[in-house]
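Summary of the model geometry
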Amino acid sequence: MKNYLSINDLGNLQEAVKEALDLKRHPYHFKTLGNQKTICLLFFNNSLRTRLSTQKAAMNLGMDVMVMNFGSEGWQLEFEDGTIMDQGKSEHIKEAAQVVSQFCDIVAIRAFASLIDKERDEAEVVLNGFVKYANIPIVNMESSVAHPLQALADAITLEENSVNDNPKVVLSWAPHPKALPHAVANSFVEMMKLQDVEFVITHPKGYDLDPEITKGCKIVHNQEMALENANFVYVKNWSSYVDYGNVSTQGTNWMMTKEKLGDAKFMHCLPVRRNVVVEDAVLDGKQSLVIEQANNRIFAAQLVLKRILEHL
Amino acid sequence: MKNYLSINDLGNLQEAVKEALDLKRHPYHFKTLGNQKTICLLFFNNSLRTRLSTQKAAMNLGMDVMVMNFGSEGWQLEFEDGTIMDQGKSEHIKEAAQVVSQFCDIVAIRAFASLIDKERDEAEVVLNGFVKYANIPIVNMESSVAHPLQALADAITLEENSVNDNPKVVLSWAPHPKALPHAVANSFVEMMKLQDVEFVITHPKGYDLDPEITKGCKIVHNQEMALENANFVYVKNWSSYVDYGNVSTQGTNWMMTKEKLGDAKFMHCLPVRRNVVVEDAVLDGKQSLVIEQANNRIFAAQLVLKRILEHL
Amino acid sequence: MKNYLSINDLGNLQEAVKEALDLKRHPYHFKTLGNQKTICLLFFNNSLRTRLSTQKAAMNLGMDVMVMNFGSEGWQLEFEDGTIMDQGKSEHIKEAAQVVSQFCDIVAIRAFASLIDKERDEAEVVLNGFVKYANIPIVNMESSVAHPLQALADAITLEENSVNDNPKVVLSWAPHPKALPHAVANSFVEMMKLQDVEFVITHPKGYDLDPEITKGCKIVHNQEMALENANFVYVKNWSSYVDYGNVSTQGTNWMMTKEKLGDAKFMHCLPVRRNVVVEDAVLDGKQSLVIEQANNRIFAAQLVLKRILEHL
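This one's a predicted model, so the numbers in the text were calculated from it and none came from an experiment.

Digging into the relation of the copies chain C and chain A
Look at the two chain copies: a rotation about an axis and a shift along it is all it takes to match them. In screw terms, the move from chain C to chain A is a rotation of 120° and a rise of 0.0 Å along the axis, fitting with an RMSD of 0.0 Å. The transformation relating the two chain copies, once decomposed into turn and shift, fits a three-fold axis.

See the structure below:
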């Protein structure tokens, strides 16, 4: 594997999940693979799980880790070509990416969607800037439109908790006080399309995800019907895609409850707002998988780094 | 040892000091004890000594270290149960603590008192949130009401510098332009109660510490009398406990001077405001132990981490 | 070598460059030299290249690294002697430097010029505060008046790219929207004075550097004449030294272009503002050495750390 930008970069997902579960059983089995290899984690946005789990994964493989908050510790970057850089931005992505790639062996990047300019968000200027100008593998730690480390961790969690073949998995939109990106939902949908599952997306009208991504997926606007006989319910808020980045008054009663959940397992990528996205009774109950999902972030990252290291 | 929340978690203090002094002589003697163990240092407040000394201590034991400024790099945390999280806070301590505890083997936390809400400060919501929800050992890097790593470093420094049995130790309040927490003073008092010393607390009226903590201690409001024949003078400002978090006009002449100090050794946890808390002549003189106290922060932390690692 | 504060601390520059090039060929040749040695990188200002390259250099030598943003993560420092510290500053450099030097074996410091108070900038209060009060080697990661790690990287790059003896090297001022320090230019000039080259400085009137530093150097105010037959053109903006820290309306047409550059190699320390300091065609062309200069920052730092470690 060269870069890990999308869940589709993994090739056979089932094999990747199996390999990640091997790493979970033997986290230090490849502890010399990363010797004299350095990963640089560059954050353009805040992070808790991604920061610590990716760092842990790299250390499990014997790598050196450099962590940097690019925004506050480095320089403001320019991404456009041909600009006269006489305003606030001190450095062009062309230089920054080439330079950083000389100081390490892998670069991992977090750069969220602005939710202001759809075209620019979809161009993934930060992530793709590094892909274009850096000469080393790039790992996506959540970009404008994708969060493939989360999706792989979710696939691992589903594999660990599936008791029947062809389970029913529902992605259910939830309310949220702030406008949130589509990255987690997008990558979850893409991961679902690689799985042998009955997959249903449910959300209020106006909250359709990018139709390119959900193409071929069953979409139901009646949450109750969608949830019927579900084995796993993945809950996540996202802002409008059509009315880009906006939050409508729709869906105030879409919070996930114990009653709605029935016998299904509950999943969420975290952080989660209690009693807005999901009620306490779900998170504090035995059907919640959120803590294990977070744990699996280590092994998702470790699988990705292992595969990249093996091809360096 | 499971957690290190208070100086009382050490058991026999004299043995702990002895063990720390052994580590000071042979800092790399246990350099494989922490192999494949990771400590996560979480800062909710600024730090210089604690950050660097704890990191150094962990590295001396061969541990991997992850450092994170929780406030600025992570998410705002909610600590109350049952809240509808539709305001500024993105994540509940329940999830955050469980999640972080999966990414490492020990969590160390710094979370200062607000000095606004006494009850909430005494509930130690951050530290106790991690104790309650994390499944791994917790180390207190200064909480609302305690700074036990400092107190252990102070005990080490006292042991190294005591020339007579049963020395007289005075904790002397000092003026300060800002309202400061009681944590350092509290832990020093608790440490004193475990020692074979003549201990006196002196402060202006209105600056009594928590009576639960100072119970049984000699308290004198006349600084001059208190300092008489002292062997060690530990100087520290704190804001009012009764009139919680406030600073009165009392005590403007309580700055420690060379004259007041006499032949005693001078101690302070640092950072210290020169010529406000203590005059230059004291800090620049031979009776000051403040640099050695800071040095001993390494071995205090190393003793604590060693004991925790031995019981993992 | 004790401290690395100036390019002159290296002794014979040609030997240092040769040793650095050996390290570039065999970066892990001394990977046990730094065992059980710790470097602390203290940033009072932002950094990208310096932060990552110095960290990488230290790791290549097997050192442990602690990185700290002193301003935002630590305490505000007081540098004056005898001050009554009752304002915003919590800690004196005397304590901070002594304390930090106990937690590591080498301290590296970045502290830019204020460009407000020339005398204070030239006194190098931060860097010299650490030199004075710390008891361990200090490395300059760009101070008010010098950036010797950059100058050494530049010397390495010149050595690698020189095809003829006694090349002509031109330091050419460039326009910039913000007032910038003189550190890079100063250290480049000092490095040039140690080389067997034909060296010319060119800048608009009013932009003379510190005459103490440029003493003996050829200075030409006609950029075109200065650039004639140049082999290397080092471009850099700096604010006025005489009219300290100010930016005049002079020199708007001093941007480096492909046409002006001719057949010369282009150098810049980065970050660089495209189409203000230099046009795209230069940076994107084959004559640009800026990426290699940045790469050589690793080996400049590694040479410096290696020499310090060898004398610890």
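Things to note about the interface of chain C and chain A
Interface extent is often summarised as the accessible area lost during association of the parts. Residue-level contacts link 31 residues of chain C with 31 residues of chain A. Here chain C meets chain A over a buried area of about 2,800 Å², counting both sides, of which 57% is carbon and sulfur. Counting across the interface, chain C meets chain A through four salt bridges. Across the pair aspartate 284 of chain C and lysine 94 of chain A runs a salt bridge, and its minimum N-O distance is 3.1 Å. Residue assignment for the side of chain C that touches chain A shows that the elements contributing at least two residues are helix 2 (49–60), helix 12 (280–283) and helix 13 (290–310) of chain C. Among the residues forming the side of chain C that touches chain A, the class breakdown is 14 nonpolar, seven polar and 10 charged.

Regarding helix 6 (residues 125–133) of chain A
Inspection of helix 6 of chain A places Val126, Leu127, Gly129, Phe130 and Tyr133 of chain A among the buried residues, and these make up the whole buried set. The buried residues of helix 6 of chain A occupy one face: seen down the axis, they fall within an arc of 160°.

Looking at the interface of chain B and chain A
Chain B puts 31 residues into the contact, and the matching count from chain A is 31 residues. Roughly 2,800 Å² is buried in total at the junction of chain B and chain A, and carbon and sulfur atoms are behind 57% of that figure. On the chain B side of the contact with chain A, Gln36, Trp75 and Phe103 of chain B bury the most area, a combined 24% of that side's loss. On the surface where chain B and chain A come into contact, there are four salt bridges. For the salt bridge of arginine 49 of chain A with glutamate 91 of chain B, the shortest nitrogen-to-oxygen distance reads 2.8 Å. Linking chain B with chain A are 15 residue pairs in polar contact (both at pLDDT 80 or more), by the criterion used here. Taken together, the elements giving at least two residues each to the side of chain B that touches chain A come down to strand 1 (38–43), strand 2 (64–69), helix 3 (70–73), strand 4 (91–92) and helix 4 (93–103) of chain B. In terms of residue class, the side of chain B that touches chain A is made up of 12 nonpolar, 12 polar and seven charged.

Points about the nonpolar core
By size, the foremost hydrophobic cluster in this structure holds 111 residues, and its most contacted members are Phe130 of chain A together with Leu10, Leu152, Leu171 and Val304 of chain C. In terms of residue count, the dominant contributor to this core is helix 13 of chain C (12 residues).

Some points on the side chain of arginine 51 of chain C
Structurally, arginine 51 of chain C is set in helix 2. Of the polar contacts made by the side chain of arginine 51 of chain C, one reaches the side chain of glutamate 73 of chain A; its length is 3.2 Å. There is a polar contact of 3.1 Å between the side chain of arginine 51 of chain C and the side chain of asparagine 69 of chain C. If we skip the residues at most four places from it in the chain, arginine 51 of chain C touches Met68 and Glu73 of chain A together with Leu41, Phe43, Val67 and Asn69 of chain C.

Cut-offs applied
- For every chain, the first residue of its written sequence is number 1, and the numbers climb from 1 along that sequence.
- Starting at A for chains and at 1 for ligands, labels are handed out in the order in which the entities are written.
- Reporting in this predicted model follows two pLDDT cut-offs: at least 70 for local features of residues, and 80 or more for side-chain atom pairs to be given and counted; totals over whole chains, interfaces and linings ignore these cut-offs and use all residues.
- Excluded from the side-chain calculation are hydrogens and water; included are all heavy atoms of the structure.
- The fit set for superposing copies consists of C-alpha atoms from residues with pLDDT of at least 70 in both; the fit itself is least squares.
- The contact criterion used throughout is that any non-hydrogen atoms of two residues lie within 4.5 Å.
- Buried area: the accessible surface (1.4 Å probe) lost by two parts on joining, summed over both.
- Salt bridges are defined by distance alone: a side-chain nitrogen of Lys or Arg within 4 Å of a carboxyl oxygen of Asp or Glu.
- Strands here are runs of E lasting at least two residues and helices are runs of H or I lasting at least four, both read from the DSSP assignment and numbered beginning at the N terminus.
- Note on residue classes: Ala, Val, Leu, Ile, Met, Phe, Trp, Tyr, Cys and Pro are nonpolar, Asp, Glu, Lys and Arg are charged, and everything else, Gly too, is polar.
- Summary of the burial criterion: residues with accessible area below 20% of their type's maximum are buried, those above 50% are exposed, and those between are partly exposed, where the area comes from a 1.4 Å probe applied to protein chains only.
- The arc in question is the one traced by the directions running from the helix axis out to the C-beta atoms.
- The term polar contact refers here to a pair of N or O atoms within 3.5 Å; inside protein, the definition further demands a hydrogen-donor-capable atom paired with an acceptor-capable atom, and it admits residues adjacent in sequence only when both atoms are side-chain atoms.
- Among buried residues, the Ala, Val, Leu, Ile, Met, Phe, Trp, Tyr and Cys ones that are joined through side-chain atoms within 4.5 Å form a nonpolar core.

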